[in-house]
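Residue-level listing of the chains:
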Amino acid sequence: MGSATAYWLLHYDPAIRVAVVDRDMTFARSSTLLSDGNVRIQFNLPENIAISQFAMDFLEGFSETMAVGEWHPDPSCRHQGNLFLVAPGGEDDARHGLEAQNRLGESVEWLSPEQIEAAYPPYAGTTYVAGTLGRRDGSVDPAAVLEGYRRKAASLGAEYIQGEVQAVLRDEQAVVGVEVGGDLLSAPVVVNAAGAWCADLAETAGVPLPVTPIMRSVFVLEADIDSELLPSAFAPSGLYVLAEPGNTYLVSWSLPTDPVGYDFSVSRQHFDDAIWPELVRNFPAFEAVRVLRGWAGLYANNVLDGNGIIGEWPELAGLYLANGFSGHGFQQCHAVGRHLAELILGRPPSLDLSKMSPARILANEPLYEHAGRLI
Ligand SMILES: Cc1cc2nc3c(=O)[nH]c(=O)nc-3n(C[C@H](O)[C@H](O)[C@H](O)COP(=O)(O)OP(=O)(O)OC[C@H]3O[C@@H](n4cnc5c(N)ncnc54)[C@H](O)[C@@H]3O)c2cc1C
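Scoring rules and cut-offs
Residues numbered from 1 in each chain as written. Predicted model: local features only at pLDDT ≥ 70, side-chain atom pairs only at ≥ 80, totals over all residues. Heavy atoms only, no water. Pairing = 2+ DSSP bridges. Helix = DSSP H or I, 4+ residues; strand = E, 2+ residues; numbered from the N terminus. Axes fitted to C-alpha atoms, helices over the stretch in contact; angles between N-to-C directions. Contact = heavy atoms within 4.5 Å. Phe/Tyr/Trp six-rings, centres within 6.5 Å; stacked < 30°, edge-to-face > 60°. Buried < 20%, exposed > 50% of the residue type's maximum accessible area, 1.4 Å probe, protein only.

Caption draft 1: Spatial organisation of the sheet that holds strand β17 (residues 309–312). Spatially, the 3 strands line up as an open sheet ordered β11-β18-β17, and their pairing is mixed. Each edge of the open sheet is held by one strand with a lone partner, namely β11 (190–192) and β17. Sheet twist, expressed as the mean angle between neighbouring strand axes with direction ignored, is 15 degrees. Here 4 bridges tie β17 to strand β18 (residues 319–323), and the two strands are oriented antiparallel to one another. Among the inter-strand pairings, I309 is bridged to a residue of β18, identified as N323. Where helix α9 (residues 333–345) meets the sheet, its contacts fall on β11, β17 and β18, and the angle it forms with β18 comes to roughly 170 degrees.

Caption draft 2: Representation of the packing of aromatic side chains in the model. For the coordinates displayed, the defined rule picks out 16 aromatic pairs. Taking the centre distance of 6.0 Å and the plane angle of 40 degrees together, the rings of W8 and Y12 count as tilted. Residue W8 and its partner Y12 are both found in helix α1 (residues 2–12); the two are separated by 4 residues, about one turn of the helix. We note that W8, like Y12, is buried. Seen in terms of ring centroids, F58 and F62 are 6.1 Å apart; in terms of plane orientation they differ by 80 degrees. Their pairing is edge-to-face.

Structure representation (structure tokens):
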């Protein structure tokens, strides 16, 4: 989010000065590098659908747009599709989402269990009554996207500063800068793009954000099931199986019991006790799998409504937020970076994301996606 915003700011106005501050320039614990890289049209809110449509279009030219000299990032976009499975009783919600997506020009398909079993036998199961298939959905390499934005922003003049931001500094009405390692960096605009740490940072300026860090673990499995022929699948319970090259699969399941806090310790026990049984309950074909490895990362969980908080904090001029993206922020960095740059520079927004502004936090007006779709 930080590097995408820096790129868009300098794209629009090469004369401004932009610094990106991060405590760790390897980004090893950033959620971006620890994400699954899934991108999907299949959201319910028109804003989220439009954000993804822009992402998919922009990613097509990403390698060229982000080229620096001879260097090109390769985002490795794959459109293997996402198959969202519908629980009994969930048909109306799912149809509502599909209609919104297709109204906006997509062609997401409704599949019966028989059609799913015929087309994708490993996903035969009894926990769903239908599925929606978005063939444009797929995955993108997060490291390539981060590196693309970072190198391009730097080539346009962004200064990358390694350091811990201890506080956002302010006077009565406006931000005046940030404190980094005891030094003051003065600036009339500060963008909080601190991911799972965003609420701690906002608090230093007296801004309360309803965002908590929650650990999510991902396991890489190998199965004797041809992954090239499969879309990724999302079970009604939220467990998902992302089809990767070479018969490997990324599997994860967000649970209310996932640890809150800055915990990165992945647990094989969690796989054995919770994830594997749920995987097999949904997709019996995955009973025999080999666990290759696993990792844990943090969701910046927006406990108000699960959606991104994008824009200027109404009670503090100059503090812009790109926060609380929960499990879907990687794919949103393109549209969010552009949107923030437009707001900051006073340009007309390309997308109307006003409903996602932080004003809804103060008004306590949640902007809900269909809950089961928030992965
Ligand atoms: C396991 C997992 C799977 C996911 N899968 C997907 C997916 O498939 N698709 C999708 O779209 N999204 C996914 N997400 C969500 C996505 O990763 C995030 O929403 C997105 O990457 C957030 O980007 P960000 O730039 O806001 O935060 P981050 O990438 O976390 O970057 C925040 C940066 O801020 C720095 N920082 C924080 N505080 C300070 C400070 N005080 N001083 C200096 N630096 C600081 C950190 O070092 C970090 O580098 C997933 C997340 C996880 C954890």
